[in-house]
Amino acid sequence: MGRIKILDQNTVNMIAAGEVIERPASVVKELVENSIDAGATEINVYAEDGGIKLIRVVDNGCGMDGEDLALAFEPHATSKLKTSADLLNISTMGFRGEALASIAAVAKVTVISGCTDSIEAARYEIDCGIKDDVRPCSGDTGTTIEVRNLFYKMPARKKFLRTANTEMTHIIEQFTRIALAHTDISMTLFHNDRQLYRLPVGEGARERIGSLFSADLAQSLLELQSTERNLKLSALLCRPQNGRANAKFQYFFLNGRYIRDKFLSAAVREAYRGLIEPDKYPMVFLFLQMPPQNFDVNVHPTKIEVRFDDSNLVYSQILALVREKLLSIDLDVQAKLPKSGQMPASQESQDIKQSITGAMVEFFSQNRQGEAPQRHFDFSKIAKKSDFAAVEQRDRFYEKNALQTAPAPQQYLQIHDSYIIAQTEDGFLIVDQHALHERIIYEDLCRRLASDSAARLESQKLLIPESFELTPAQVQILEANKDLLDRLGIELEPFGPGIWAVQSFSSLLSGIKPVEFLIDMLDVLADSAGRIDSERLLHKILDLAACKAAVKAGQKLNPAEIDKLLSDKNAIERVSRCPHGRPTAIKFSLAELEKQFKRT
Ligand code: ADP
Ligand code: MG
């Protein structure tokens, strides 16, 4: 009896603090967000000893009068919500009314705040929940909050803090996230009196990335802007060849708030698939704007996660936009020739150099004339237009014309039955025929299948069904993947005990030996069982199909075949890396040649 008690308010606040205030960086986040909500145009952040000793945030926002100041530190005190209905329409960074109460429960806090309504500013001090009186003092409009000795009365929490340097890294990360999303606010960050960042207003996200990461990197990012339906997107994307070894450099913002979201991450991963090397992660900055009614931010104490009403729509919109952007750029790898006078490093590069020289001689002596360009579709216009109609228009163009009518470079030569040298406007390309063809087929298959789960490849009855043997385990796998086979246009039938026969096969993959493909496919399916989702599995299988259907290295191609390959490359424009992320073509500019031959 009498064992149950209602906790006193200070204990409640300390428990709440456990959720939102994990370390100094959380304090910085909450205070700076409050300054933003107060309409500040300038926010200065000072930290000492990684913020463990002191965090001071100074803003020029609307400030608070003495009465509000005392209230601000009460639990559930907020000026940002009036009724529960407002929860559905949140446009401020804060709304839970618990940050200040939580911080004041676990540190010594001093605030000075002034607003335009009163002549004097007000000062308020709270030491781990123990409140002083609000006193008048002098001060400008705006708010200065100092948070000292975080967790000093809570040894168990303090023990979890890391070194000042590590804590400072976390503060920089929080500062970075906020600074990227609020380029209209001038911001500085100091550590132990040393200025780490000074970010003026008037610069865009790219300049901020330049100041916060690296100027070179910022310069190289691709830019994407789009507004469609309820989603406005502005993004900066790294080029596929500049991938990073981990996924840390993916920044997603929704209505000015940094978020983590598995749908957004998946969309980005998918958009770069096949363009970036498999163990690399793209560096991306995605800024999304959506009406607040279309998602819920009230699902996580620090609001780092949100719940979209229609996450599938967001996923597919982002995927389409980013992919479209990546495919609109010239992804051919720029050739790196050895500097003149310098010996090539290896026998391999010696060989390549010799073949190139040999090929060049032949190339210019043969000087073949290809077919005149036919109808040409202007992709550049579409790359600039970001609406879906344009994407559809482009896809329809592919449907009708792809792989047939785009103009091919007019002069080319196959060497070693493996590489094609093709003249371009300002130099020449060396194309890896297998890698390029593989890429073309892969993209074609993806276009037909990956966007629509009901789509299937056209199937063709084999004149003579091909039979083969399967183990019971393999039969299991087949049963489990009936759908996938169906989508690929493959039809199998039992043909006797343990024997199956291929009745139909995709007409698109007519170059493949059906049984050989099926056996390999069963291996992939067995390998991936339960480990990857059906979408990734489909891509793996398409990858396999493309590899098998593509022309091989060492295969002699006739002029018509080469023509076709090169015009497909132009038509698809997305062909510079095969599904494994290897380049499909290397570009040489005339300028490079002139340098090599010492003509300049
Ligand atoms: P929330 O931000 O969720 O409303 P907080 O505990 O962070 O809750 O802040 C409580 C209230 O204090 C805010 O709603 C706001 O009215 C006021 N406030 C906090 N920081 C500032 C500031 N820097 N300038 C002006 N008002 C502030
Ligand atoms: Mg707040």
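Here the structure is shown first, and the text comes after it.
Residues numbered from 1 in each chain as written. Chains lettered and ligands numbered in written order. Predicted model: local features only at pLDDT ≥ 70, side-chain atom pairs only at ≥ 80, totals over all residues. Heavy atoms only, no water.

Visitor: Please explain the overall build of the protein chain as it appears in this structure.
Guide: The number of helices and strands found in the protein chain is 20 helices and 24 strands. For the protein chain, contacts bridging at least 24 residues in sequence account for 71% of all contacts bridging at least 6. Here the protein chain displays about 30500 Å² of accessible surface, and carbon together with sulfur accounts for 51% of that area. (Helix = DSSP H or I, 4+ residues; strand = E, 2+ residues; numbered from the N terminus. Contact = heavy atoms within 4.5 Å. Areas by Shrake-Rupley, 256 points an atom, 1.4 Å probe, with all protein chains shown as cover.)

Visitor: Could you clarify how one ought to interpret helix α19 (residues 559-572) in this entry?
Guide: Residue pairs spaced three or four apart in an α-helix point in one direction, given the helix's 3.6 residues per turn. The end-to-end C-alpha distance of α19 is 20 Å, a good match for the 20 Å that 14 residues give at a rise of 1.5 Å each. Of the positions making up α19, those classed as buried are I562, D563, L565, L566, S567, D568, K569, A571 and I572. (Expected span 1.5 Å × (residues − 1). Buried < 20%, exposed > 50% of the residue type's maximum accessible area, 1.4 Å probe, protein only.)

Visitor: Would you mind going over the sheet that holds strand β23 (residues 499-506) with me for this structure?
Guide: Each strand in a sheet pairs with another by means of backbone hydrogen bonds, the pair being arranged parallel or else antiparallel. Overall, antiparallel pairing links the three strands, which are arranged β21-β23-β22 in an open sheet. Whereas interior strands pair on both sides, the edge strands pair on one side only; in this sheet they are β21 (459-469) and β22 (491-496). Neighbour-to-neighbour, the strand axes of this sheet turn through a mean angle of 25°, independent of strand direction. For β22 and β23, the ladder comprises five bridges, and the chain directions are antiparallel. Paired with G496 across the bridge in β23 is I499. Across the sheet, helix α17 (residues 514-528) touches β21, β22 and β23, and the angle it forms with β21 is around 65°. (Pairing = 2+ DSSP bridges. Axes fitted to C-alpha atoms, helices over the stretch in contact; angles between N-to-C directions.)

Visitor: Got a minute to help me understand a nonpolar patch on the surface in this structure?
Guide: Side chains of L7, V12 and I15 sit close together on the surface and give an oily, nonpolar patch of about 260 Å² of accessible area. By the secondary structure assignment, V12 is in helix α1 (residues 9-20). Of the residues examined, V12 reaches a relative accessible area of 33% and is grouped as partly exposed. (Patch = residues over 30% accessible without salt bridge, like charges linked within 9 Å, V, L, I, M, F, W, Y side chains within 5 Å. Salt bridge = Lys/Arg side-chain N within 4 Å of Asp/Glu carboxyl O.)

Visitor: Sorry if this is basic, but what is going on with a positive patch on the surface here?
Guide: Among the surface-exposed residues, R269, R531, R536 and K540 lie close enough to one another that they form a single positively charged patch. Tracing the backbone through its elements, the reader meets R269 in helix α9 (residues 262-272). (Lys, Arg positive; Asp, Glu negative; His and termini not counted. Charge placed at Lys NZ, Arg CZ, Asp CG, Glu CD.)

Visitor: I keep staring at the site of ligand 1 and nothing clicks. Help me out?
Guide: As a structural note, the neighbourhood of ligand 1 is formed by 18 residues, with N34, T78, S79, K80 and G97 the closest of them. Here an oxygen atom of ligand 1 sits 2.5 Å away from a polar atom, N or O, in the side chain of S79. The side chain of K80 places a nitrogen or oxygen atom 2.6 Å from an oxygen atom of ligand 1. Considered on its own, ligand 1 offers 530 Å² of accessible surface; in the complex 93% of this is hidden by protein. Grouping the constituent residues of the shell around ligand 1 by class yields seven nonpolar, seven polar and four charged. (Near = heavy atom within 4 Å. Polar contact = N/O pair within 3.5 Å; in protein donor to acceptor, adjacent residues only side chain to side chain. Nonpolar A, V, L, I, M, F, W, Y, C, P; charged D, E, K, R; others polar.)

Visitor: Sorry, what's going on with the environment of E561 here?
Guide: Here E561 lies in helix α19. Note on E561: relative accessible area 38%, which makes it partly exposed.

Visitor: Would you explain the pairing of strand β10 (residues 222-228) in this entry?
Guide: The side chains of a regular strand alternate, first on one face of the sheet and then on the other. Residues L222, L224, S226 and E228 line the buried face of β10, whereas the alternating positions E223, Q225 and T227 sit on a face that is not buried. Examined bridge by bridge, β10 and strand β11 (residues 231-237) share seven bridges and lie antiparallel to one another. Following the sheet pairing, T227 is matched in β11 by K232. With antiparallel pairing between neighbouring strands as the criterion, β10 and β11 make up a hairpin whose turn holds two residues, including R229 at a positive phi of roughly 45°.

Visitor: Mind showing me how you'd approach the pattern of salt bridges here?
Guide: In a structure, side chains of opposite charge can pair up when their charged atoms sit close to one another. As enumerated under the stated definition, the model contains 27 salt bridges in all. A salt bridge links K548 to D520; its shortest N-O distance comes to 2.8 Å. Note that K548 is positioned in helix α18 (residues 534-549) and D520 in helix α17, a separation of 28 residues in sequence. For K548, a relative accessible area of 19% gives the class buried.

Visitor: Can you help me understand the packing of aromatic side chains in this one?
Guide: Tallying each qualifying case throughout the model produces 14 aromatic pairs. Ring centres of F428 and F588 lie 4.8 Å apart, and the angle between their planes is 5°; on these two criteria the pair is classed as stacked. Residue F428 is found in strand β20 (residues 427-432), and its partner F588 is found in strand β24 (residues 585-589); the two are separated by 160 residues along the sequence. Pair check on accessibility: F428 and F588 agree, each one buried. Look at F505 and F517: their rings are 6.0 Å apart centre to centre, the planes differ by 80°, and that puts the pair in the edge-to-face class. Here F517 lies in helix α17 and F505 lies in strand β23, a separation of twelve residues in the sequence. Like F517, F505 is buried. R56 extends its terminal NZ or CZ atom over the ring of Y46, reaching a point 5.3 Å from the ring centre. The ring of F249 carries the charged tip of R244 above its face, separated from the ring centre by 4.1 Å. (Phe/Tyr/Trp six-rings, centres within 6.5 Å; stacked < 30°, edge-to-face > 60°. Lys NZ or Arg CZ within 6 Å of the ring centre and 35° of its normal.)

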